[in-house]
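# Coordinates in review
Listed below, chain by chain, are the residues.
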There are 2 protein chains.
Amino acid sequence: MAQKPTTPKGTRDFSTVEMARRNYIFDTIREVFRLFGFRQIETPAMENLSTLMGKYGEEGDKLLFKILNSGDYLKSVDRSLIDNGDTVRLASKLCDRGLRYDLTVPFARFVVQHRDEIQLPFKRFQIQPVWRADRPQKGRYREFYQCDADVVGSDSLVNEIELLQIEDTVFSRLGIRVAIKLNNRKILAGIAELIGEPDKLIDITVAIDKIDKIGLEKVNEELAARGLSVSAIEALRPILALDGTGAERIDKLAALLTGSEVGSKGVEELRTVYEGSLALGLNAALDIDVSLARGLNYYTGTIIEVKALDTEMGSISGGGRYDNLTGVFGLDGISGVGISFGADRIYDVLLALNLFPDDTTAATRVLFANFGAAEAMASMKLVKELRLKGVSAEIYPDAAKMKKQIGYANAMGVAYFAIIGESELAEGTVTLKNMRTGEQTTVPQTAIYEAIG
Amino acid sequence: MAQKPTTPKGTRDFSTVEMARRNYIFDTIREVFRLFGFRQIETPAMENLSTLMGKYGEEGDKLLFKILNSGDYLKSVDRSLIDNGDTVRLASKLCDRGLRYDLTVPFARFVVQHRDEIQLPFKRFQIQPVWRADRPQKGRYREFYQCDADVVGSDSLVNEIELLQIEDTVFSRLGIRVAIKLNNRKILAGIAELIGEPDKLIDITVAIDKIDKIGLEKVNEELAARGLSVSAIEALRPILALDGTGAERIDKLAALLTGSEVGSKGVEELRTVYEGSLALGLNAALDIDVSLARGLNYYTGTIIEVKALDTEMGSISGGGRYDNLTGVFGLDGISGVGISFGADRIYDVLLALNLFPDDTTAATRVLFANFGAAEAMASMKLVKELRLKGVSAEIYPDAAKMKKQIGYANAMGVAYFAIIGESELAEGTVTLKNMRTGEQTTVPQTAIYEAIG
């Protein structure tokens, strides 16, 4: 026999059980998005490389899957690129298109392309796979789904409050206890300004992002190594040591950042989102965390991150506000705010905590045995009747040995195994075996719907 | 301003309205598949080219989208391939992976790869996009969805009868009147045998497939051009002129093909599927059509095609039985039967016949106006309450001019525009504008759920 074919490295098949569980997650997220007035769009798997290149940094460009042009793809290629082994520039001659790397850049392209058809504010959601030529490792795949909801064309912080409600609703419905962390990019900018190192914003945030992992002293060592002055590091200390309730932290930040315009603006935004969320109520804990720097190069205001409380999994959702989403495509003045759910990590959390509902992977409710042509026809008539009443039902297609048929019913996890054999056929009855209790009853065929009710 | 970015040629964005309509189709199909005991799987967008190549003929190989290898993709390339411009062989050196071309080959790969985990008979469905580097034209895209249901590991004709019930149920639920055409590849083989031209099976079927379009005489001319003898063409005449009810046609075919073993087997299979379907009942017309040759190189038994009756659209669904699905991957003895729904064509039929339900594209039920911080907070509390009761609701994020907010409510098609202004806030009331009737009522905030009921 030939060698078994396989999926490409870093990609996965999803079995019927995995799909049932994944659909439980996607359906929950989709339903909440809709409840909140977000509407779905889809974009093609492939985008022009001109749309994708330069949007994810140099490293990101390398991680784009590029699609070889059709036809004579060598025609317009400068041979010197080949001779010099200039694979990077050559790739952009061989390939005009690539697979989407995330949902954000295609969404920005969508907004610009369809700007005359779109009503602002535009509340869209999108649930589609993305592809990255990353080195595969545990929990990191080359194809994975993103579930994004964004509002563009509105600066109002009402949007942030709404998105936090979405986070809270999704995880409440899934039964996952979470903490939502909240920060604001403007506060980080204010801090950098305050300690006299406005140009070192990135260095500072990269370092303090590690405070949970390596502790304050190590962070300070790293800050020194990154060229921060002793006085700057000293000035940072009270900010990093921030404690108390959320309201207390906000008050302390307000006091500390009073001399920074951008910092004060950030505190004000944070306060509005925080207080609004508490007034509405959240099941989740809401934590003010100035060390949160997620996607810093990208976000310009609110930064959100969600972690599961009862298992170590890192972030399972997050997002933030970004100014000028579409500026890179020549359309200025469109700001937005959005969140993204990591379906794979949510899957792992639900599995680890045994939170998938029991009926998630349930198959049809009734499987009919097959004893041959005449019995099968009588069974199929009942199957049809049940389906018309909305009950999922099926018949084993072959008149196989009963042991095999029952084994199938067991493996599929059906609720009832229904038998119309010779005597049931003669008497117009059906025998129902409750697969959970093992109990067996014979009822008139006309009473089957009630019997399995 | 820069030039507007666009989607790659032959690919499409789906707007919120288009997605709502597409989801109506996908949800209907998915629900019916589940009702019938089919379970969903997904496979990766990319497959190893070794899995895909050679499965769709030479033309198909050319239409595969191939993905450029990562890293130094020139490393192991023989320069003579470049110098000779041998783009076909070069492509298989530059690319190890390609995008799936259909759902059938990945499914066959899936069955072989996971054969130890799969319980036979395996009833799977799959709804995913496929990609073909075809020349784009009206109604033909480079990315489109396929919706497939197949049973593998069972030779029983019960499966065919079940699949016809699925066709009937899906189109009944969608409100599309259809005719289902039925044939059997073994009958076509029997006919070729009968007229003494067993090697010309393909020629014969290609020609008679056109009988509806060009008429009997032109078909006979074409058969002569393809090298059929005058006596063979004469022998074919009664078969092509087959008329009467389905039962009569089957009887005539049985009589005509009595001398052919394979032909008689085909008639017997056709009769079982036809009579079983009539006994169960179908809303659709069920037509015996020996000129139906869909996917002939592929199917080995039953052939199914579905056409919409009230609009010219060609086939909107179809399928058939194939032996040895997985033989090409070294696993023999797995036969199957399946059907596929063409979502794009079904979309066009529903649109042309105005069959999309009115509420398909409905947005949230209630949109709250935004008059500023205090009023917005009171509104958001009601929004939250409605959502907890399962009512989709939202608030306009900005305290914009009322005309703009009402315009948005109109554009989104919400049922109610809810207003908590200064006086409503003071009085604990909410004013509800029914957007369809224009009627306006003011009710206590505590009574909003009942008021919009």
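Each remark here, short or long, concerns the structure printed above.
This report concerns the structure included in the present document. (Residues numbered from 1 in each chain as written. Chains lettered and ligands numbered in written order. Predicted model: local features only at pLDDT ≥ 70, side-chain atom pairs only at ≥ 80, totals over all residues. Heavy atoms only, no water.)

## Focus on the packing of helix H9 (residues 201–208) of chain B against helix H10 (residues 211–225) of chain B
All names here are of chain B. The condition is simple: Interaxial angles span 0 to 180 degrees and are taken between N-to-C directions of axes, which are lines fitted to C-alpha atoms, for helices over the stretch in contact. The secondary structure listing takes helices from DSSP runs of H or I that are at least 4 residues long and strands from runs of E that are at least 2 residues long, numbered from the N terminus. We call two directions roughly parallel when the angle between them is under 35 degrees, roughly antiparallel when it is over 145, roughly perpendicular when it lies between 65 and 115, and oblique otherwise. We call two residues contacting when some pair of their heavy atoms lies within 4.5 Å. Three residue categories are used. Nonpolar comprises Ala, Val, Leu, Ile, Met, Phe, Trp, Tyr, Cys and Pro, charged comprises Asp, Glu, Lys and Arg, and polar comprises the others, including Gly.
The N-to-C vectors of H9 and H10 enclose an angle of 140°; their axes lie 8 Å apart at closest approach. Taken together, the axes of H9 and H10 are oblique relative to one another. Contacts from Asp203, Ile204, Val206, Ala207 and Ile208 of H9 reach H10 at Ile211, Val219, Glu222 and Leu223. Residue composition of the contact of H9 with H10, grouped by class: seven nonpolar, no polar and two charged.

## Some remarks on the pairing of strand S14 (residues 416–419) of chain B
Two faces make up the sheet, and in a regular strand the side chains alternate between them. Residue and element names in this part refer to chain B. The cut-off we apply is this: Whether a residue is buried, partly exposed or exposed follows from its accessible area with a 1.4 Å probe, protein chains only, as a fraction of its type maximum: under 20%, in between, or over 50%, in that order. At least two bridges found by DSSP between two strands are what make those strands a pair.
Every second residue of S14 is oriented toward a common face, with Tyr416 and Ala418 on one face and Phe417 and Ile419 on the other, all of them buried. One ladder, built from three bridges, connects strand S12 (residues 366–368) with S14; its direction is parallel. In the strand pairing of S14, Val366 is matched with Tyr416. By the bridge criterion, four bridges tie S14 to strand S15 (residues 429–434) in an arrangement that is antiparallel.

## As for the interface of chain A and chain B
For clarity, the threshold we go by: Reported buried area values correspond to the accessible surface (1.4 Å probe) lost by two parts on association, with both partners' losses combined. Take a side-chain nitrogen of Lys or Arg and a carboxyl oxygen of Asp or Glu: if they are within 4 Å of each other, that pair is a salt bridge.
Tallying the contact residues gives 106 residues for chain A and 106 residues for chain B. Taking both sides of the interface into account, the surface hidden between chain A and chain B amounts to around 9000 Å²; carbon and sulfur atoms contribute 59%. Taken together, the connections running from chain A to chain B amount to eight salt bridges. Per element, the largest residue contribution to the side of chain A that touches chain B is six residues, and it comes from helix H7 (residues 158–174) of chain A. Of the residues contributing to the side of chain A that touches chain B, the split by class is 49 nonpolar, 31 polar and 26 charged.

## Things to note about the relation of the copies chain A and chain B
Under the convention used in this document: We superpose the copies by least squares over the C-alpha atoms of residues that have a pLDDT of at least 70 in both of them.
Under the fitted operation, chain A is carried onto chain B by 0.0 Å of movement along the axis and a turn of 180°, and the coordinates agree to an RMSD of 0.0 Å. The two molecules are tied by a two-fold rotation axis, judged by turn and shift. For chain A, the smallest separation between a C-alpha atom and the rotation axis is recorded for A:Ile67, amounting to 2.2 Å. Both copies share a contact surface, since 100% of the interface residues of chain A are interface residues in chain B too.

## Comments concerning the side chain of B:Thr302
Residue placement: B:Thr302 occurs in strand S9 (residues 302–308). Contacts of B:Thr302, omitting those with residues within four sequence positions, involve B:Leu157, B:Glu160, B:Leu182, B:Asn183, B:Asn184, B:Val273, B:Gly319, B:Gly320 and B:Arg321.

## Here's the deal with the environment of B:Ala399
All names here are of chain B. Mapped onto the fold, Ala399 is located in the loop between strand S13 (393–395) and helix H16 (402–412). On the basis of relative accessibility, which here comes to 54%, the residue Ala399 falls in the exposed class. Once the C-alpha coordinates of Ala399 and Glu375 are considered, the two residues, 24 residues apart in sequence, prove to be 9.8 Å apart. Each residue touching Ala399, except ones within four places of it in the same chain, is listed here: Asn370, Phe371, Gly372 and Gln405.

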